[in-house]
Each structure stands twice: as C-alpha cells, then as structure tokens.
Amino acid sequence: MGERLIDLRTDFTTRPTAAMIDAMVAAASDRPGFGLRDDPHVRALESEAAHMLGKEDALFCATCTAANQIAIAASCAPGDALATDATSHILTSEGGAVAAVAGVTVRPVPATRGTVDLAALAAAMGEGDDVQPRTRMLVLENTHVRSGGCVVALAHQEEAARIARDAGASVHLDGSRLFNAAAGLGISAARLARDADSVAVSLNKGLAAPMGAILAGSAEFIRAALRVRHRLGGSWRPAGIPAAAALVGLRTMVDRIGEDHRTAKALAEVLAPLNGLRIDPDQVQTNMVLVDLDERLGPAVDAAQALASRGVLALPFGPRRLRLVTSYEVGAADLPVIADAFRSFAASA
Ligand SMILES: Cc1ncc(COP(=O)(O)O)c(C=O)c1O
C-alpha cells in the first residue's frame, strides 16, 4: 500500500505470496487439532520439512531463535559449554539466551566468514573435565549472517562436525538460511544438514512465509525438543494457518531461491562503480550485499535515512556499513531505481 519502497533491510519483511494467502484462507475453515502434535496442517508441514532436511522428525517453532535455543537446551545440560564461531547469531543476536535459557557457557572459536578455525575448534572440543565445563555441542551457521550471507563449504562443515562428534559432542546447524546455503553450494538441503544432529531453518525469510521456523532432527531429539518448546511457551495452538502458508513456501519457494543470489550479484555490480561505495565481490555469495561507505558519505545510520527518503530501505550493519538483502520482492527492474537512489545520495553527501 502507498508509496513504493524497495525494502533491502532483510528477507523477513517479504509478504506472503498469493498461493500462501489462499492456503491460509482455506486452512482457516479447517478444524484445528487439540494435542501438541495433532494439527493436520502443522503435521503436514513438519513431515514434509523433515523429509526435505533428511531427518526423522521436525517441529514447527515460532522463530529461528526459538528453534536454535530449543535445540541447545534439549542437547546440553546447565553448566555444559558449547563451541561456536565468536560472531554467530546465537551469540550476538539472541539476547544471551544460551546463558539465560539453557544455562550453557560458550567457548568461542575464531572463524572467517563462519568458517571456524579447525585447530582452535579441536582444542575447544577437547576442553572439559570434573572442574571445567564440558564442551557438549558445536553450533555452526550456514549461511553466515554477520559476514553478509557467506557460505561455509561442505567439506569444512563435515570436518568440523567430525571433530565435534569424535569428542562426543552433538552438532547443531543454525540454517536460518539453509536453502540459500544449499543453492550456493549446488547441493540439496538434506545433504547440507546430514552432518548435523539438529538443524534450524527459517520459513519466513527467503521462503516468504508470514512466520515460523523448523527444527529438525532424530525422533528422539524431537521428543526432547517438544518438551523444551512447551516449557518455553512455544506450544502455539492453533498454528494451522501459518503452517499452511509455510508449507506452500517449502513447496514453491525453494527452487527459485537462486534468483535472489543472481539479483544480489547484479546489485553488487551496479553499485560497485559508484563513487564512495566499496563492495567486496568475494562477499556476495548468496542474497546479501555489504556496502562500505567512504568517510565523506557519513555514518551508516545517516546514509540509511538518506536512502529511505529516496525510497530504498537499507540496514546499517556497522558504523560505515550497510546491508542490502534480496528476496522474491526485489527483481532486476528494481536495480536502476536502487542505483539512482545511491547515486543521488552519494552526490548530495
Ligand atoms: C543465522 C540466523 N540465525 C537465526 C536467526 C533468527 O531468526 P528469527 O528472527 O526467526 O528468530 C537469524 C535471523 O536473521 C539468522 O540470521
């Protein structure tokens, strides 16, 4: 409604597709289930998601933060430690839930764009005895959001998982954008999730569902996760309406996700030559572009405001860095408009 804004801040502001709206309207007339796992739409979503991710079972969660934190609390005991990249979403952006919800401490591992240092990981996994916290879990993130959607290579993920497993720890994959990572690597989501005991995937980002995330794993893991989800107030009922939309997302939006990557690449190519903007072409691997601003263009918050007044929404992602995210709502036709907004802002600064 109203003035056309091109929203590049994130991929979760995508609106549901017409097919999702139809599915939600139809689901609204169906009788919801009563028990924790009774709703027919939720069951259909969970079963199809489990199949796509190559896992025995799956649980529909309200957010990917919830899915990650349920996985951690279901796999670790209070006082345990987990190892993860020091810039991972579970550490930087989930409100301290690792400590507050699961009572777990963290052994941060140095990493480059989500690719953890394997020697440091091996050292972190080996720590723990009767005195020190035991490292019981490895959490990987693919794609890696802080680096602007970079993909962690499959061979690296496999090796990291092997190190964790050899140390007796479980592996959780924060695959909020797992389908982007799989498309970036040219493999199936199930293949990418194979090394993980549990995997969390957002339904509301590239897949454009109005809300929700999936947590998948073994039947035994999901039984434990169900209990944690309930304890946290996450047994949302009736959830058939959002589940029906999310199922359409799984069925119709996965195969097109590579288009968002091509749009992001094209966007980077259009913006890179503009005066005052710097873009690392190696960073643009999936659906995000990080734009560094020369000092003369001022702080990123001011730049975001200036761009918003020109109809383009960008996210400040550091003092002098903007993040631009593509989704099915942004296409090739938008690129000249975005470039014009940046050009006009850079000329006025
Ligand atoms: C890597 C990663 N994990 C988890 C999340 C959390 O997702 P949600 O906003 O659904 O809690 C995000 C959100 O952007 C993310 O990028």
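Figured I'd write up the structure that's included with this text. Residue numbers run consecutively from 1 along every chain, following the written order of its sequence. Local features in a predicted model are, by the rule used here, given only for residues with pLDDT of at least 70; side-chain atom pairs are given and counted only at 80 or more, and totals for whole chains, interfaces and linings are based on all residues. The side-chain values count all of the structure's non-hydrogen atoms but skip hydrogen atoms and water molecules.

Further remarks concern the overall build of the protein. Helical segments are the DSSP runs of H or I of at least four residues, strand segments are the runs of E of at least two, and each set is numbered from the N terminus. The helix and strand inventory of the protein stands at 14 helices and 15 strands. Taking the principal axes of the C-alpha coordinates as reference, the protein spans close to 60 × 55 × 35 Å. The proportion of buried residues among the 349 residues of the protein is 53%. The protein chains shown are the only cover counted for residues, whose accessible areas, like all others here, come from Shrake-Rupley with a 1.4 Å probe. Surface summary for the protein: the accessible area is close to 14,700 Å², and the carbon and sulfur share equals 55%. Only four residue types enter the tally: Lys and Arg on the positive side, Asp and Glu on the negative side; His and the chain ends are excluded. Each charge is placed at NZ for Lys, CZ for Arg, CG for Asp and CD for Glu. Averaging the positions of the 34 positive and the 39 negative side-chain charges in the protein gives two centres separated by 2 Å. Relative accessible area decides the class of each residue, using a 1.4 Å probe on protein chains only: under 20% of the type maximum gives buried, over 50% gives exposed, and in between gives partly exposed.

With that out of the way, let us pick up the pattern of salt bridges. The salt bridge definition used is simple: a Lys or Arg side-chain nitrogen within 4 Å of an Asp or Glu carboxyl oxygen. On inspection of all chains with the given rule, the structure shows 19 salt bridges. Of the charged contacts in the structure, one is a salt bridge between Asp80 and Arg134, with a shortest N-O distance of 3.3 Å. You can see Asp80 sitting in the loop between α3 (64-75) and β3 (81-85) and its partner Arg134 sitting in the loop between α6 (118-126) and β7 (135-141), a full 54 residues away along the chain. On the basis of relative accessible area, Asp80 is assigned to the buried category, the value being 5%. Arg162 is the partner of Asp166 in a salt bridge, and the nearest nitrogen-oxygen pair spans 2.7 Å. Pair noted here: Asp166 and Arg162 are both in helix α7 (residues 154-166), with a separation of 4 residues, about one helical turn. The exposure class of Asp166 is exposed, given its relative accessible area of 58%.

Lines fitted to C-alpha atoms define the axes here, with helix axes fitted over just the stretch in contact, and angles between the N-to-C directions of these axes take values from 0 to 180 degrees. Interhelical geometry of helix α2 (residues 40-53) versus helix α11 (residues 240-252) gives an angle of 30° and a closest axis separation of 8 Å. On the basis of their axis angle, the class for α2 and α11 is roughly parallel. Crossing geometry of α2 relative to α11 is assigned as left-handed. The segment α2 lies against α11, with His41, Val42, Ala44, Leu45, Glu48, Ala49 and Met52 engaging Gly240, Ala243, Ala244, Ala246, Leu247, Leu250 and Arg251. For this classification, the nonpolar set comprises Ala, Val, Leu, Ile, Met, Phe, Trp, Tyr, Cys and Pro, the charged set comprises Asp, Glu, Lys and Arg, and every other residue, Gly included, is treated as polar. The residue inventory of the contact of α2 with α11, partitioned by class, reads 10 nonpolar, 2 polar and 2 charged. Here roughly perpendicular refers to angles of 65 to 115 degrees, roughly parallel to angles under 35, roughly antiparallel to angles over 145, and oblique to all remaining angles. Handedness of each helix crossing follows the sense of rotation of the near helix against the far helix: counterclockwise by less than a right angle gives left-handed, clockwise gives right-handed. Any two residues having at least one pair of non-hydrogen atoms within 4.5 Å are treated as being in contact.

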